[in-house]
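So you can see what is in the structure, the chains are spelled out below.
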Amino acid sequence: MKDALRAPLAVLLLLAAATRLPLLGLNEAEYTDGILQLIQFEYPTGIWPPLYTALCWPFGQLVGPLWSGRLVSALASILCVIPLYQLAKRHFGPEAALWAGALYILAPAAIRWAPRVMTEATFSLFFWWSIERMDAALRAPDRAAASHAFAGAALLGALSFLTRHQGVLLTPLLGGLAIALWRRGHLSFPAVAAFGAFALNPLWTAFSGTIHGEQFADRAGGGWQQSLYVLVANAEPFLLLSPFYLTLPVAAVVLYGLLRRGLDEAPLLVAATAFIGVEILALQGLFSAFQERYLLPWYGLLFLFGGAGMAEALAKLEAARRPFAARVLAGLVVGASIIVSAVVLLGTRQTFGDLRRGTDLAVELTGGGGRIFTNEFYRQRGDSLIAATKVEFFARGREVRYLGPEFFDGREALRPGDVLVLSDRFFPESVMPELERRYLLEFAGAEEAAVLPYFTEIMKRPGVEQNPAAWIFRYEWQRFLTTVYVVRGARR
């Protein structure tokens, strides 16, 4: 520990790189959300802001779109160490900062999304860095330093908003800080202009045609009683399961650091962390999407107190001449994070892998460019249909279409040589007899994927996906099957 303190931030960044870059090729496929964000400039959906897509674009020219998304996520996850380290060091000292960084680096909720084509790491980077700059502005000794830090906080907040709409959660903190600095006479015109850039984001969202408002209304609507039920039914288990997602030893040192040092040494940081936690629990509770990834921006702030707790506990044990107890504590905290991270990473690496391997087989079967059809479905609202996303992405430019109802009611027909990629995640088994009644199908192969939903994950068991009840089945392997058929003709 003492050797690491000579260059602590460099050590943490190297550790973050060593635990993230080797994972870039771990996962067999990606989630639909991630694929849609990679291609949203070509196929706009109106769901996500554009920054993650824009960051991936230049890397995509070098390594392709899939690896560009993974690389951006991994690099952002590595850089997340910097604002967390700076915050912990400023409030609790260098040893606490070193431990806070280590807890984040090894955290299952963080490392799980580091190599994924998702916005979790990128959003968290801008979100935490904006908070770090707000903290610096509040503690700045003069007008110039305060304005400079506040301008950085506002611009980083704008970047977080342009990555995910949850960046709006920073609005009360930035607004309150702006008022406090204005009263001190520490707010310059450039800082006000930077805050204006952040404030324009909600207007951009309103005029950009995003469907998030519709999704939110669909999931949380139905009157105040229904909204209250949805909120409590999701927010309460989010809160109760957070020690599980953090790992129990880490949750214990977070609580210890919060009580022993946080309340006395960093009351405003405690208040900001609690406020952000309430915001996230309320927003995601109402959004009714039970996934631990939405809590990562809050968890990162909790690691600050975890670092303080570890530094405090180890110092007390060393002062009491109990080095073995100190080693046991460190081993429990680090070991729990490593073990749970390994379980989560290895248990989810095959997610949608069956669909990707089935698509690879379909590409081989179509040879010179035949048509591929799939039952992969994402969402439909009115005439707007999002389907066949992953199959089309992994089919490398081949023609891919959604196998919709028009192929069952006679409006359209499959042709000999067409290849079907059918996942049991999307198709009810009752549909297969209708396909076989209309067409001569030749079985070409089947691909399986096994997923352990230790953290929230896609589920084969009905009725529990994105639902707190899924936690009960965290040790039950979810097995998915993608079957590939070649159409040989129509039945007469």
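### Observations concerning the side chain of Asp-354
- With respect to the element layout, Asp-354 can be found in helix H18 (residues 353-366).
- The buried charged residue Asp-354 lacks any salt bridge, with Arg-357 as its nearest oppositely charged partner at 5.8 Å.
- Those residues in contact with Asp-354 that sit more than four places away from it in its chain are Ser-423, Glu-447, Glu-448, Ala-449, Phe-480, Leu-481 and Thr-482.

### Some details on helix H14 (residues 248-265)
- Between its first and last C-alpha, H14 extends 24 Å over 18 residues, near the 26 Å set by a 1.5 Å rise per residue.
- Burial in H14 covers these residues: Val-250, Ala-251, Val-253, Val-254, Gly-257, Arg-261 and Gly-262.
- Of the surrounding elements, those touching the buried residues of H14 are helix H5 (81-92), helix H6 (94-106), helix H13 (224-246), helix H15 (267-287), helix H16 (296-319) and helix H17 (323-348).

### Describing the nonpolar core
- Counting residues in hydrophobic clusters, the biggest one holds 91 residues, and the most contacted among them are Tyr-104, Phe-150 and Tyr-299.
- Top contributing element to this core by residue count: H16, with 14 residues.
- Leu-66, Trp-113, Phe-394 and Ile-458 belong to the second-largest nonpolar core, a separate cluster that totals 18 residues.

### Let's talk about the environment of Leu-75
- Mapping Leu-75 onto the fold places it in helix H4 (residues 65-79).
- For Leu-75 and Trp-298, which are 223 residues apart along the polypeptide, the C-alpha to C-alpha distance reads 20 Å.

### Notes on the environment of Ala-193
- Within the secondary structure layout, Ala-193 lies in helix H11 (residues 189-207).
- Assessed through its relative accessible area of 41%, Ala-193 is described here as partly exposed.
- Here the alpha-carbon distance between Ala-193 and Leu-155, two residues 38 residues apart in the chain, equals 9.7 Å.

### With respect to unusual backbone geometry
- A positive phi angle, near 55°, is found at Arg-396, a position not held by glycine.
- Looking at the element boundaries, Arg-396 is found in the loop between helix H19 (389-394) and strand S4 (400-402).
- Take Arg-396: its relative accessible area is 55%, and that puts it in the exposed class.
- Despite not being glycine, Gln-466 shows a phi value in the positive range, around 55°.

### Here's the deal with H16
- When the terminal C-alpha atoms of H16 are compared, their 34 Å separation across 24 residues agrees well with the 34 Å that a helix rising 1.5 Å per residue should span.
- By the criterion of burial, H16 is predominantly enclosed, with 20 of the 24 residues buried.
- Directly after H16, the chain includes Arg-321, whose backbone phi takes a positive value near 60°.

### Thoughts on the pattern of salt bridges
- With the rule as written, the count across this model stands at 27 salt bridges.
- A salt bridge links Arg-357 to Glu-447, with the nearest nitrogen and oxygen atoms 2.9 Å apart. With Arg-357 in helix H18 and Glu-447 in strand S6 (residues 439-451), the pair connects residues that are 90 residues apart, well separated along the chain.
- Owing to a relative accessible area of 24%, Arg-357 belongs among the partly exposed residues under this scheme.
- Notably, a salt bridge pairs Glu-442 with Arg-488, separated by 2.6 Å at the nearest N-O pair. Residue Glu-442 is found in strand S6, and its partner Arg-488 is found in strand S7 (residues 478-490); the two are separated by 46 residues along the sequence.
- Because the salt bridges share partners, they merge into one network encompassing Glu-28, Arg-349, Arg-357 and Glu-447.

Calculation rules
- Residues numbered from 1 in each chain as written.
- Predicted model: local features only at pLDDT ≥ 70, side-chain atom pairs only at ≥ 80, totals over all residues.
- Heavy atoms only, no water.
- Helix = DSSP H or I, 4+ residues; strand = E, 2+ residues; numbered from the N terminus.
- Buried < 20%, exposed > 50% of the residue type's maximum accessible area, 1.4 Å probe, protein only.
- Lys, Arg positive; Asp, Glu negative; His and termini not counted.
- Salt bridge = Lys/Arg side-chain N within 4 Å of Asp/Glu carboxyl O.
- Contact = heavy atoms within 4.5 Å.
- Expected span 1.5 Å × (residues − 1).
- Core = buried A, V, L, I, M, F, W, Y, C linked by side-chain atoms within 4.5 Å.

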